[in-house]
Amino acid sequence: MVTAGCGGAPTQEGGQQLTIWSSWIKGQPGQKFLQGVADDFQAKTGIKVTIEWKGNAAAKALLPALNGTEVPTDIIESTGGAITNALAPTGGLLDISDVYQTKIPGTDQTVQQAVGDAAMSLSTPVDGTGAKSGGPVQVPYWASSSNVVFYNGKRFPDLVGKAPQDWDAFMAVLDAQKAKGRKPLALDGSIQSYSALYYTSLLSSIMGVDALAKASLDKSGKTWGSDPGYLQAAQLVEKLARGGYFIDGYNASKFPAMENKWANDEADFNVNGTWLPGEVAGVAAQGFDYRAFPFPAVTGKKAPPLSVAVNGIGILKRAKNPAAAKHFAAFMLQQKYQEQVSSQLQDIPVIKGVAAPAAIQAVKDVFDKGDINTFRFPTGLADYLTKVFYELDDQLIFGKISAQEFVAKMVSQTSEYWKSKG
């Protein structure tokens, strides 16, 4: 049995073993990273670690087993959303609040101190209203942010370390590029969540991170038309859509056509996720200097907090070796592994003070301050977003409807949607 608590190094007695189901598949950078951590853990503790590489369906594949008397793994490694939204509601995961009070091996910092309260909040499940439901069920080891503005530092050296401070300043940059005959914004319009980054980020800046959920949950639909902030955000998107700011073909492109054009300097800016440099590395123009800054604030308002997703590990309630699993969770947050998140995964380490790749260090600085969106969208609204919001947002950002029409349609179609639900 593992004799030490999760704060100390477990010792092996009687052939102790630890099993992990992972969402990575062999050959991916994340798979190599996790295997390396597991190999080190096994060498340090003598506890044999077996990892099954299940791919993106790891959490879904585990669901049926959670109702049985035995589970096939101690740890599930997956996206934070899969762990908190799919697995946690079954009651099959441990509340691992105690892990957050554990010191990371070789340091005087607890897990909570190192990752910060904001990142910890993303590891806590929510109910259908978006309210927290219980304690944290995962420990994150890697983060990414989606509402980030990317550009080529070679083309815009003045922006490196001095990003536009608000939307008006950003628009001035875009207008200067338009004056040169450029269409400055790239967008793969076939990805609805990418298209929505503009409206949701602007709305978050104007009205707060819960504004979209508030309007979506109003079954009468009237909230969409009652507060001018919803229209203001739509007007800013309309100006982009009808003002010729997007690269030709963005509304009919198939991913990743437009981000590839951006990487070849055919457009200047791309609102995307911190994974973007890795996606376009094989097609980018020679010497492309990836740089990014967080989405700007609407002038006179607060900047929208970073939209952050995490990958982490959860521990099953019926885990055969929960003490070893808890120690592994703290073990993998050591600085050398967090540096590998930066160097190997090319994304945001969750530990404060560990540098991100140069391209997204400006984003990491904001992450370390805790300026991230911890509001959790109600889980029951996924169908509404797909059938109502995303469809109308596409029409808005493609210039097919005006801001006024967008708001009016959101009022009527929200009402119709909820009536259809009975």
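Residues numbered from 1 in each chain as written. Predicted model: local features only at pLDDT ≥ 70, side-chain atom pairs only at ≥ 80, totals over all residues. Heavy atoms only, no water.

(A) Up close: the overall build of the protein. When you go through the protein residue by residue, the secondary structure sums to 17 helices and ten strands. A principal-axis box enclosing the C-alpha atoms of the protein has dimensions of 70 × 55 × 35 Å. Considering only residue pairs separated by 6 or more positions, the protein has 74% of its internal contacts joining residues 24 or more positions apart. Accessible surface computed for the protein: about 17300 Å², of which carbon and sulfur atoms make up 50%. Side-chain charges of the protein comprise 39 positive and 39 negative groups, with the mean position of each set lying 2 Å from the other. (Helix = DSSP H or I, 4+ residues; strand = E, 2+ residues; numbered from the N terminus. Contact = heavy atoms within 4.5 Å. Areas by Shrake-Rupley, 256 points an atom, 1.4 Å probe, with all protein chains shown as cover. Lys, Arg positive; Asp, Glu negative; His and termini not counted. Charge placed at Lys NZ, Arg CZ, Asp CG, Glu CD.)

(B) Spatial organisation of the packing of aromatic side chains. Within the structure shown, the criterion is met by 32 aromatic pairs. An angle of 65° between the planes, with centres 5.5 Å apart, marks the rings of W167 and F170 as edge-to-face. Residue W167 and its partner F170 are both found in helix α6 (residues 167-179); the two are separated by three residues, about one turn of the helix. With respect to burial, W167 and F170 carry one shared label: buried. (Phe/Tyr/Trp six-rings, centres within 6.5 Å; stacked < 30°, edge-to-face > 60°. Buried < 20%, exposed > 50% of the residue type's maximum accessible area, 1.4 Å probe, protein only.)

(C) Molecular detail of the pairing of strand β1 (residues 17-22). Most of β1 is tucked away, with five of its six residues classed as buried. Taken together, the six bridges between β1 and strand β2 (residues 48-53) define a ladder with parallel strand orientation. When the sheet's bridge partners are listed, L18 is paired in β2 with V49. In this region the chain leaves β1, passes through helix α1 (residues 29-45) and returns to the parallel neighbour β2; the handedness of that crossover is right-handed. In this structure, β1 lies alongside strand β3 (residues 75-79), joined through three bridges in parallel fashion. Pairing of W21 across the sheet is with I76, part of β3. (Pairing = 2+ DSSP bridges. Right-handed = clockwise from strand over helix to strand, strands pointing away.)

(D) View of the pattern of salt bridges. Applying the stated criterion to the full structure yields eleven salt bridges. K54 is the salt-bridge partner of E52, the closest N and O atoms lying 3.1 Å from each other. In this structure K54 comes out as partly exposed when scored by relative accessible area, which is 33%. For D268, the salt bridge goes to R182, with nearest N and O atoms at 2.7 Å. In this pair, D268 sits in the loop between α11 (257-263) and β7 (269-272) while R182 sits in the loop between α6 and β6 (185-186), placing the two residues 86 residues apart along the sequence. Each member of the pair, D268 as well as R182, carries the same accessibility label: buried. (Salt bridge = Lys/Arg side-chain N within 4 Å of Asp/Glu carboxyl O.)

(E) The arrangement of the side chain of S204 in detail. Tracing the backbone shows S204 in helix α7 (residues 192-207). When neighbours within four sequence positions are excluded, S204 is seen to be in contact with V209, P304 and P305.

(F) Representation of the pairing of strand β9 (residues 308-315) within the structure. Most of β9 sits inside the fold, with seven of its eight residues counted as buried. Looking at chain direction, β3 and β9 are connected through five bridges and run antiparallel. By the bridge assignment, S78 is partnered in β9 with G312. Looking at chain direction, strand β4 (residues 139-145) and β9 are connected through six bridges and run antiparallel. If you follow P140 over to β9, its bridge partner there is G312.

(G) Summary view of the nonpolar core. If you look at the biggest cluster of nonpolar residues, it comprises 138 residues, and the most contacted ones within it are Y199, F269, F328 and F406. Looking at this core, the element that brings in the most residues is α7, giving eight residues. (Core = buried A, V, L, I, M, F, W, Y, C linked by side-chain atoms within 4.5 Å.)

(H) Highlighting helix α17 (residues 403-420). With 18 residues, α17 ought to run about 26 Å at 1.5 Å a step, and its terminal C-alpha atoms sit 25 Å apart, in line with that. Along α17, the residues classified as buried are A403, F406, V407, M410, T414, S415, Y417 and W418. For α17, the angular spread of the buried residues around the axis is 165°, confining them to a single face. Residues of α17 that are exposed and point more than 90 degrees away from the buried face comprise Q404, E416, K419 and S420. At its buried positions, α17 is contacted by α7, α8 (211-217), α9 (223-226), α10 (228-242) and α16 (382-397). (Expected span 1.5 Å × (residues − 1). Arc of directions from axis to C-beta.)

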